[in-house]
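# Structural overview
Now for the letters of each chain:
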Amino acid sequence: MKIYLNGQLVSKEDATVSVFDHGLLYGDGVFEGIRIYSGKCFLLDEHIERLYESARAIRLEIPIDEQEMEKAINETVAANELTDGYIRLVVTRGSGSLGLDIRRTSDPQVIIIADKISLYPPELYEQGLKIITASTLRNHPQALSPRIKSLNYLNNILAKIEGTDAGCLEALMMNHKGEVAECTGDNIFIVKNGVLRTPSTDAGILDGITRRAVIRLAREAGLTVEEVTLTRHDIYVCDECFLTGSAAEVIAVIELDGRPIGDGKPGEITKDLKERFVKLTRS
Ligand code: PXG
């Protein structure tokens, strides 16, 4: 495996960063997760745009520009001869002295890992996921905006632990207003009376790139898509529910907090959108 590290492709063993890197010391950095389908990075422009926006939001200057980043990603995919896989793109603040001051750090580290990912066992893509609501609230957008894909994922990890403790591989997170936000690593959609609904980015969620792609696919298929406030009640009484994410792709949810969703099986609109997503990514 070849890892891109600051302009060079190095072996896994040589891909190291300093213990004084503020990415490690404070979770100070940003990242992206990108799918590779048939040797090509899916929606790469959107991921690169979001990475640079996340970096800008935390006042992190990425040492290379967007075009150089695109080239570096494609070279890493080619060097690893990957046809289907996953890119983990990380930019850290770089190493510095102890203390939070970003002015005392230097050399942000640009890391590109091209590997495989399997978030959920394959059979769950047929059967659907059972999830619970976590008591951990999604970060308040005025504390740490969930639109920043930062290296500090403890908010999501704490909710994920609640899920796995309860025997579920995902957990639903509410926002500070008690509204539905998203899951720990995926965005959420419901279907009610043939209408597709998902929380708007104002709910304090990651502006997911798979979410955007699924909204486009649904509209192309003639569905009405609404970005609205959702409560947990809306999920309890919906007909269908599914999650989206670069790692998760599209996966049905069949149960929330022990309550079956719809008839307790992946719904027809979910299955249709999943098929359209597979066609889009594998064509
Ligand atoms: N919400 C959150 C909180 C996420 O972290 C999504 C939604 C889906 O967004 P995209 O743009 O991927 O459709 C994410 C996705 C990883 C990894 O290790 C990344 C995510 C989730 C799980 C693992 O690279 N982010």
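What comes next is a walk through the structure. (Residues numbered from 1 in each chain as written. Predicted model: local features only at pLDDT ≥ 70, side-chain atom pairs only at ≥ 80, totals over all residues. Heavy atoms only, no water.)

Counted by the stated rule, this structure contains five aromatic pairs. Among the aromatic residues, those joined into a cluster by ring pairs are Tyr37, Phe42 and Phe277. It is arginine 259 that lies over the ring of tyrosine 236; its NZ or CZ is 3.8 Å from the centre. (Phe/Tyr/Trp six-rings, centres within 6.5 Å; stacked < 30°, edge-to-face > 60°. Lys NZ or Arg CZ within 6 Å of the ring centre and 35° of its normal.)

Tracing the backbone shows lysine 271 in helix α8 (residues 268-281). For the pair lysine 271 and aspartate 21, spaced 250 residues apart in sequence, the C-alpha separation works out to 44 Å. (Helix = DSSP H or I, 4+ residues; strand = E, 2+ residues; numbered from the N terminus.)

Applying the stated rule across the entire model yields 18 salt bridges. Glutamate 32 is the partner of arginine 50 in a salt bridge, and the nearest nitrogen-oxygen pair spans 2.7 Å. Of the two residues, arginine 50 sits in helix α2 (residues 44-57) while glutamate 32 sits in strand β3 (residues 29-37), which places them 18 residues apart along the sequence. You'll find arginine 50 and glutamate 32 in the same group, each marked buried. Between glutamate 46 and arginine 212 there is a salt bridge, and its shortest N-O distance comes to 2.8 Å. Remark: arginine 212 occurs in helix α6 (residues 209-220) and glutamate 46 occurs in helix α2; sequence separation between them is 166 residues. In this structure, a network of salt bridges that share partners links the residues Glu46, Arg147, Asp207, Arg211, Arg212, Arg216 and Glu227. (Salt bridge = Lys/Arg side-chain N within 4 Å of Asp/Glu carboxyl O. Buried < 20%, exposed > 50% of the residue type's maximum accessible area, 1.4 Å probe, protein only.)

A separate point is the state of the cysteines. In total, this model carries zero disulfides according to the counting rule given. Cysteine 238 supplies the cysteine sulfur nearest to cysteine 241, a cysteine that is in no disulfide, at a spacing of 5.2 Å. (Disulfide = S-S within 2.5 Å.)

Here α6 crosses α8 at 110°, and the two axes come no closer than 10 Å. By the angle class used here, α6 and α8 are roughly perpendicular. Mapping the contact onto sequence places Thr210, Val214, Leu217 and Ala218 in α6 and Leu273, Arg276, Phe277 and Leu280 in α8. Here the residues of the contact of α6 with α8 are counted per class, giving six nonpolar, one polar and one charged. (Axes fitted to C-alpha atoms, helices over the stretch in contact; angles between N-to-C directions. Parallel < 35°, antiparallel > 145°, perpendicular 65-115°, else oblique. Contact = heavy atoms within 4.5 Å. Nonpolar A, V, L, I, M, F, W, Y, C, P; charged D, E, K, R; others polar.)

This paragraph deals with the packing of α2 against helix α3 (residues 66-79). Angle between the axes and distance between the axes are the two parameters that describe a pair of packed helices. The contact between α2 and α3 brings their axes to 11 Å, and the two run at 125°. Considering their axes alone, α2 and α3 lie oblique with respect to each other. The handedness of the crossing between α2 and α3 is right-handed. Taken together, the residues of α3 that come into contact with α2 (itself represented by Leu44, Asp45, Ile48, Leu51 and Tyr52) are Glu66, Met69, Glu70, Ile73 and Asn74. (Left-handed = near helix turned anticlockwise from the far one by under 90°.)

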